[in-house]
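Chain by chain, the residues:
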Amino acid sequence: MTATVASDWDAVALEPPPDVVIVAADLAAQHPAPPGIPLPLPESVVRLALLPEGHGHTPEFLAAGFHGLLYEPVTSIEVARALALARALKQSTTDAAQERQERLQALRMLDTELLLLVELSPSWLPHGLARLQRLLAVPAIAVWEWQAESDSLRCIEQVGLSPAAITAAELASRRRGQLVLTEFTTASVQPTMIAQEASHVLARLALDDGQPVFQTIAFPFRESTRLQGCITFSFVRDRPYHPDDLPLYDAASALVRSALALARLRHETLTSQRLFTDVADQLSIGIIVCTTNGIVTFCNHQAQLLLGEPGIVPGQPFPPRWRMLLDLDWGELAKRPAGSSPQPLRARVRGAGGRWQALEGAVRVVELPDRWGRTWAPHFLLSLNDVTQTERYVLELELLHELTQMVAERRDLEAAFRLVAQRLHDTFGYAYVGLGVLSPDGQRLIGQTFYADGEIAFNEWQVSRGVTGRAIRENRSLLIPDVWHDPDYFPPSPEMVMQSEVVAVLRRDGVPIGVLNIESALGHQLDESDLRLAEQVAAHLELLMGQLELTERLARQAMTDPLTGLANRRALLYHLERLSRVPGKRAALLLIDFDGFKQLNDQYGHLVADAILQQAAERLTRSLRPHDLLARYGGDELAVLLEDVSEGDAREVAERLRRAIAAQPFTADDTPVTLTISLGIARFPEHGQTPDALLHAADTALYRAKAGGRNRVVMADIAEG
């Protein structure tokens, strides 16, 4: 590939001709209007006009046959794009192919302009569609949005279509809007061409001049993961759809989709900024006035509170420690004239109670009178704000935007939760963050937890226990400054020593649906600001849960068994694999098998047997610690994972479970049914250091318990591991 940059017309007249010619705008303007090149060039030569930096978009160059515009200084990627266009023209030099290339180039330029228009004008969509219609020479373009309450499609903007036809189409789409969108989606890679006689509601369209729409192609778009609408391009018989133009319409629809997403995000941002302003208006400001040689002449009470020790004393020098923290160069400040631009200030200081707080402000040079009012002299005026709460609010906004982006990119829920938890840990030092959602029966919280070491774990806990359960039952957020004085508190794990706990309730229509749980390590006491932050994050999570149907997704990802509500086999394997990643970890695995359960199944049927299995699961759960894992391993076989227990403790728990089942009959069709269980125990890491090895050892021990007479507990041998 060869390129020529022309500074005079003789430089263009080369033999052989280059692949790309870049002509300076002032040289092209010498040619009679419209500007162009007064020399014959093969059709395969790419012609680009080079405009001075800061020059606006000049459509007359494109109209005169130039393939595109470059702006000084030219970047390497623009050169690469020009060479790619030249290669495309060499492959196909037909007029139609060249026209498509030119339109694609124009679409790329319109992309930037449309996104800028979103920022500047509330009427960006009609203007943008009109530009697209002219550029693509398509009879009509429309954007349709799904209305959930009526399951219909509403045309939010269009160009070229008859208003009466649009109204008729909207009425005809009632109660079948999602059906229409779904039919479009089935051919999303190659959008379906809709003939006039087709049954789709959008086929019943007409142009402004009354011509019936002959063909329509539709490109659906999503918000979060749900179909929200489509963008349509309509054609008439004398200007039909051509398959080779599909990339043009695909690119145009992508442009509109990006602009719609940006408009939604901008709306959310503006709403958040208004909320942010409401908070900022309530902040108190500290004021300090100093002479240019550093003597404090005034310091208000709020400044004293913000800076604390060492104190700021009028008549004394400004403390050197605060000069360093606020990055104040007294000599440079003294050189500034009064009224010059303020210098921003920012510092992190340890305030009351040992908590870090963020300060922001500015220092200005101002003219003030001396103490007698006879002369005026330059002074330094420092204004300081406590922006700790503001930073929390900014974090919340960042979380909202990043989570929204994750949803748009269809990222998995675990990644979204990790983002929230990691930010809360890194910025505020929380040792534990949990997100739990109520199970369908309202008895358990199912969710994920994030520990300070970055580990993510699935877990569940009963609503009847803990501070989180109390928050759900009372439907209110809770702050527990000292957890060891709260009778309902239990730690996330035995080795974790905590100081405080905050529980923010997530609600839907005023009814609790889950909790955001935050705990701090010993010595880090949480207060009302932490509770407010948790409630703000929880409020945004409520919105996201509505979009993502988070309740069902969390329940599935928490890996529960649908019959018993216990963890399932996958959850058990996950926790077994986690053991090997924690150095020095000790645990015990109990495999449980019901004695004679097959005969019970044969005698009473599956429904009764399932009911007894549910009763047994509840009885076993009551005999375990909150952090012990009880899982349904398969059929009538259960498993218990006990962490940080000795061999004696494991035996004691197993015997307690065995007695809990045998002590009292179960009820089946009003008939008492007596059951017993056999248990096999394997210890980690003695009997196995992998999930398969540990399960094999426990299963072998269980087999010996069954063979030895049932209703007993057997510990695995080292050889069985």
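Residues numbered from 1 in each chain as written. Predicted model: local features only at pLDDT ≥ 70, side-chain atom pairs only at ≥ 80, totals over all residues. Heavy atoms only, no water.

Attention now goes to the side chain of Asp-636. Mapped onto the secondary structure, Asp-636 falls in the loop between strand 22 (629-634) and strand 23 (637-643). Buried charge Asp-636 goes without a salt bridge, the closest partner of opposite sign being Lys-706 at 6.3 Å. If near-sequence neighbours (up to four positions away) are discounted, Asp-636 is found in contact with Ile-592, Asp-593, Phe-594, Phe-597 and Leu-613. (Helix = DSSP H or I, 4+ residues; strand = E, 2+ residues; numbered from the N terminus. Buried < 20%, exposed > 50% of the residue type's maximum accessible area, 1.4 Å probe, protein only. Lys, Arg positive; Asp, Glu negative; His and termini not counted. Salt bridge = Lys/Arg side-chain N within 4 Å of Asp/Glu carboxyl O. Contact = heavy atoms within 4.5 Å.)

With that settled, consider the confidence of the model for the protein. On average, residues of the protein carry a pLDDT of 77, and 75% of them reach 70 or more. Ranking the elements of the protein by mean pLDDT puts strand 7 (residues 193-195) last, at 46, and strand 26 (residues 676-684) first, at 94. Scored below 50 in pLDDT, residues 187-199 shows 28 contacts in the model against residues more than four places distant or in partner chains. For residues 271-283, every residue scores under 50 in pLDDT, and the model assigns this stretch nine contacts once sequence neighbours within four places are set aside. (pLDDT = per-residue confidence, 0-100.)

Ranked by internal contacts, the top residues of the largest apolar core, which has 47 residues, are Leu-445, Met-498, Leu-572, Leu-576, Leu-589, Leu-591 and Leu-695. At seven residues, the largest contribution of residues to this core is made by helix 22 (residues 691-707). Those residues within four positions of Leu-591 in sequence are excluded, and the remaining contacts are Tyr-633, Glu-637, Leu-638, Ala-639, Ser-678, Leu-679, Gly-680, Leu-695, Ala-698, Asp-699 and Leu-702. Ranked by size, the runner-up nonpolar core spans 34 residues in total, among them Ala-588, Ala-617, Ala-654 and Ala-668. (Core = buried A, V, L, I, M, F, W, Y, C linked by side-chain atoms within 4.5 Å.)

This part covers the sheet that holds strand 22. For sheets, the rule is that strands pair by backbone hydrogen bonds, running either parallel or antiparallel. On the basis of which strands lie adjacent, the open sheet formed by five strands has the order 22-23-21-26-27 and mixed pairing. Each edge of the open sheet is held by one strand with a lone partner, namely strand 22 and strand 27 (713-715). When strand polarity is set aside, the average angle formed by the axes of neighbouring strands in this sheet is 20°. In this structure, strand 26 lies alongside strand 27, joined through three bridges in parallel fashion. Bridging from a neighbouring strand, Leu-679 pairs with Val-713 of strand 27. In the packing of helix 20 (residues 606-622) onto the sheet, the strands contacted are strand 21 (587-595), strand 22 and strand 23, and the crossing angle to strand 22 comes to about 150°. Of the strands in this sheet, strand 21, strand 23, strand 26 and strand 27 touch helix 21 (residues 647-662), which is tilted by about 165° from strand 26. (Pairing = 2+ DSSP bridges. Axes fitted to C-alpha atoms, helices over the stretch in contact; angles between N-to-C directions.)

In this section: helix 21. An ideal rise of 1.5 Å per residue puts 22 Å on 16 residues; helix 21 measures up with 23 Å between its terminal C-alpha atoms. Buried residues of helix 21: Ala-650, Val-653, Ala-654, Leu-657, Arg-658, Ala-660 and Ile-661, and no others. In an axial view of helix 21, the angular spread of the buried residues amounts to 160°, which keeps them on one side of the axis. In the core, the buried residues of helix 21 are packed alongside strand 21, helix 20, strand 23, strand 24 (666-668), strand 26 and strand 27. (Expected span 1.5 Å × (residues − 1). Arc of directions from axis to C-beta.)

The tally for this structure, following the rule as stated, stands at nine aromatic pairs. The interplanar angle of 50° and the centroid separation of 5.7 Å between the aromatic rings of Phe-594 and Phe-597 together place this pair among those described as tilted. Each member of the pair Phe-594 and Phe-597 is classed as buried. Three or more aromatic residues joined by ring pairs make a cluster, and in this case those are Phe-219, Phe-233, Phe-235, Tyr-241 and Tyr-249. Sitting over the face of the ring of Trp-330, Arg-323 holds its NZ or CZ atom 4.1 Å from the ring centroid. The ring of Phe-490 has Arg-465 sitting right over it, with the charged end atom 5.6 Å from the ring centre. (Phe/Tyr/Trp six-rings, centres within 6.5 Å; stacked < 30°, edge-to-face > 60°. Lys NZ or Arg CZ within 6 Å of the ring centre and 35° of its normal.)

Next up on the list: the pairing of strand 2 (residues 20-24). In terms of residue burial, strand 2 counts as a mostly covered element, since four of its five residues are buried. Alignment of strand 2 against strand 3 (residues 46-51), held across five bridges, turns out to be parallel. When the sheet's bridge partners are listed, Val-23 is paired in strand 3 with Ala-49.

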